[in-house]
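# Observations on the model geometry
One-letter residues, chain by chain:
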Amino acid sequence: MRRPPTPSTTVLATGALLAMTACWGSTFFLIKDLLDRVPTLDFLAVRFAVAGLVMVAVAPRALRRLSPLARRRAVVLGALYGVAQILQTAGLAHTAASVSGFITGLYVVATPLLAAVLLRTRINGLTWAAVALATGGLAVLTLDGIALGYGEAITLVAAVLYALHIVALGAWSTAEDALGMSITQVLVIALICLVATVPDGLVLPATAGDWLSVLYMALVAGALALVAQTWAQAHLAPTRAAIVMSMEPVFAATFAVGLGGESLTWRLLGGGAMVLVAMLVVEAGPRRPIEGEVQHLAV
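Just so it is clear, the model here is predicted, and its values are computed rather than measured. (Residues numbered from 1 in each chain as written. Predicted model: local features only at pLDDT ≥ 70, side-chain atom pairs only at ≥ 80, totals over all residues. Heavy atoms only, no water.)

## Examining the overall build of the protein
- Of the regular secondary structure elements, the protein holds 14 helices and zero strands.
- Order of helices (α) and strands (β) in the protein, N terminus to C terminus: α-α-α-α-α-α-α-α-α-α-α-α-α-α.
- For the protein, the residues scored as buried account for 51% of the 299 residues in total.
- Total accessible area computed for the protein in this model is approximately 13,000 Å², and 71% of it derives from carbon and sulfur atoms. (Helix = DSSP H or I, 4+ residues; strand = E, 2+ residues; numbered from the N terminus. Buried < 20%, exposed > 50% of the residue type's maximum accessible area, 1.4 Å probe, protein only. Areas by Shrake-Rupley, 256 points an atom, 1.4 Å probe, with all protein chains shown as cover.)

## Comments concerning the packing of helix 3 (residues 40-58) against helix 10 (residues 178-197)
- Where helix 3 meets helix 10, the axes come as close as 8 Å, and the angle between the chain directions of the two elements is 145 degrees. Crossing geometry of helix 3 relative to helix 10 is assigned as left-handed. Contacts between helix 3 and helix 10 involve L41, D42, L44, A45, F48, A49, A51, G52, M55 and V56 from the former and S182, I183, V186, L187, I189, A190, C193, L194, A196 and T197 from the latter.
- In terms of residue class, the contact of helix 3 with helix 10 is built from 16 nonpolar, three polar and one charged. (Axes fitted to C-alpha atoms, helices over the stretch in contact; angles between N-to-C directions. Left-handed = near helix turned anticlockwise from the far one by under 90°. Contact = heavy atoms within 4.5 Å. Nonpolar A, V, L, I, M, F, W, Y, C, P; charged D, E, K, R; others polar.)

## Section: the packing of aromatic side chains
- Inspection of the entire model under this criterion finds one aromatic pair.
- Plain terms: the ring middles of Y81 and Y162 are 5.4 Å apart, the flat faces sit at 70 degrees to each other, and that makes the pair edge-to-face. Remark: Y162 occurs in helix 9 (residues 150-172) and Y81 occurs in helix 5 (residues 68-92); sequence separation between them is 81 residues. Of the two residues examined, Y81 and Y162, each falls in the buried class. (Phe/Tyr/Trp six-rings, centres within 6.5 Å; stacked < 30°, edge-to-face > 60°.)

## Observations regarding the pattern of salt bridges
- The full count for this structure, using the stated rule, is two salt bridges.
- In this structure, D33 and R37 form a salt bridge, with 2.8 Å as the shortest nitrogen-oxygen distance.
- When its relative accessible area of 40% is taken as the criterion, D33 is described as partly exposed.
- On the basis of relative accessible area, R37 is assigned to the partly exposed category, the value being 39%.
- For D210, the salt bridge goes to R37, with nearest N and O atoms at 2.8 Å. Of this pair, D210 sits in helix 11 (residues 208-232) while R37 sits in the loop between helix 2 (28-34) and helix 3, and the two are 173 residues apart along the sequence.
- Residue class for D210 comes out buried when judged on its relative accessible area of 7%.
- Here the salt bridges share partners, and the residues they tie into one network are D33, R37 and D210. (Salt bridge = Lys/Arg side-chain N within 4 Å of Asp/Glu carboxyl O.)

## Side note on the confidence of the model for the protein
- On average, residues of the protein score 85 in pLDDT, and 89% of them reach the 70 mark or higher.
- Across residues 289-295, confidence stays below pLDDT 50; counting only partners more than four residues off in sequence or on other chains, it has 24 contacts. (pLDDT = per-residue confidence, 0-100.)

## Quick look at the nonpolar core
- Residues L17, F43, Y107 and I243 are the most contacted members of the largest nonpolar core, which totals 64 residues.
- Setting aside its immediate chain neighbours within four residues, F43 contacts I31, L34, L35, V38, V214 and M217.
- Among the nonpolar cores identified, the runner-up in size contains twelve residues, and L77, V167, A168 and W172 belong to it. (Core = buried A, V, L, I, M, F, W, Y, C linked by side-chain atoms within 4.5 Å.)

## Some points on the environment of F29
- Among the structural elements, F29 can be located in helix 2.
- When the C-alpha atoms of F29 and A256 are compared, they prove to be 6.2 Å apart, with 227 residues separating the residues in sequence.

## A look at a nonpolar patch on the surface
- Judged by side-chain polarity, L191, V195 and V198 come together as a nonpolar surface patch covering roughly 300 Å² of accessible area.
- Tracing the backbone through its elements, the reader meets L191 in helix 10.
- According to the relative accessible area criterion, L191 is exposed, its value standing at 54%. (Patch = residues over 30% accessible without salt bridge, like charges linked within 9 Å, V, L, I, M, F, W, Y side chains within 5 Å.)

## Side note on the environment of T174
- Its place among the elements puts T174 in the loop between helix 9 and helix 10.
- The spacing of T174 and T230 is 56 residues in sequence and 7.8 Å in space, taken between C-alpha atoms.
- Here the side chain of T174 touches D177 through a polar contact of 3.2 Å, landing on its backbone nitrogen. (Polar contact = N/O pair within 3.5 Å; in protein donor to acceptor, adjacent residues only side chain to side chain.)

## Let's talk about helix 1 (residues 7-26)
- The end-to-end C-alpha separation of helix 1 is 29 Å, in line with the 28 Å expected for 20 residues at 1.5 Å each.
- Listing the buried residues of helix 1 in full gives T10, A13, T14, A16, L17, M20, T21, A22, C23, W24, G25 and S26. (Expected span 1.5 Å × (residues − 1).)

## Re the side chain of Q85
- Position of Q85 among the secondary structure elements: in helix 5.
- Excluding anything up to four places from it in sequence, Q85 contacts L44, F48 and Y162.

## Examining unusual backbone geometry
- Although it is not a glycine, R120 adopts a positive phi angle of roughly 55 degrees.
- Using a relative accessible area of 57% as the deciding quantity, one classes R120 as exposed.

This is the structure in structure tokens:
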């Protein structure tokens, strides 16, 4: 069993997770522009392949240091994330982007439920209140209306897989294995996305500007962000991590207003404030060592 993290380590882990979430949020308006020219699955395949190759080139020893158990777990984590990416993408073809964003964000709700079942964690009332507040904030930020159909259903499956990834990462990751597990996950995600592009062939970015966008999303918002998440979740309980990560649409809206030319609305301010308050509530609440510290998942 891992020792409970010190307060300073917890603060640093939360900061790392926030920085990762900000990186993810910064990519939304870039992706929106890029996907006009490169199909989504092709973009994902290129993004993660570039990230994986660079990570292997920079830190090959990190892979060799992984134990067989850690390597198997990293493969499972990468498969969960890769399949979730494909399902989320497929769902986007059948539902509005705003609805997809909200349903995907429901990993905030699914994470404590899965943690309670799989890790036998006890989630206190304050944390559940933060989960509800974050979910409400996501609804205010994204929803104009919702109907349940095929697209919504497979997007919901993607959200559950993202939640399972968060729970498993919190149970399995260690600070020592963070880099090696991150590299393995990225390589598995790339392989899954590349296989998904086989029927139609792989389309590559055609301009230098598009390649710069892909490199930023591969190396900063991809490789570095996943390393940060893997390391941070070695020190944070899954539910806390999920609520911190629910800041992603808030950062996305901030970058869209600041750099993408979108208008600042009361809806963005209200929804963003709700998610921010949820994160502050869960961070200010009591830290119970039992939550996220017991590793009951076995592979």
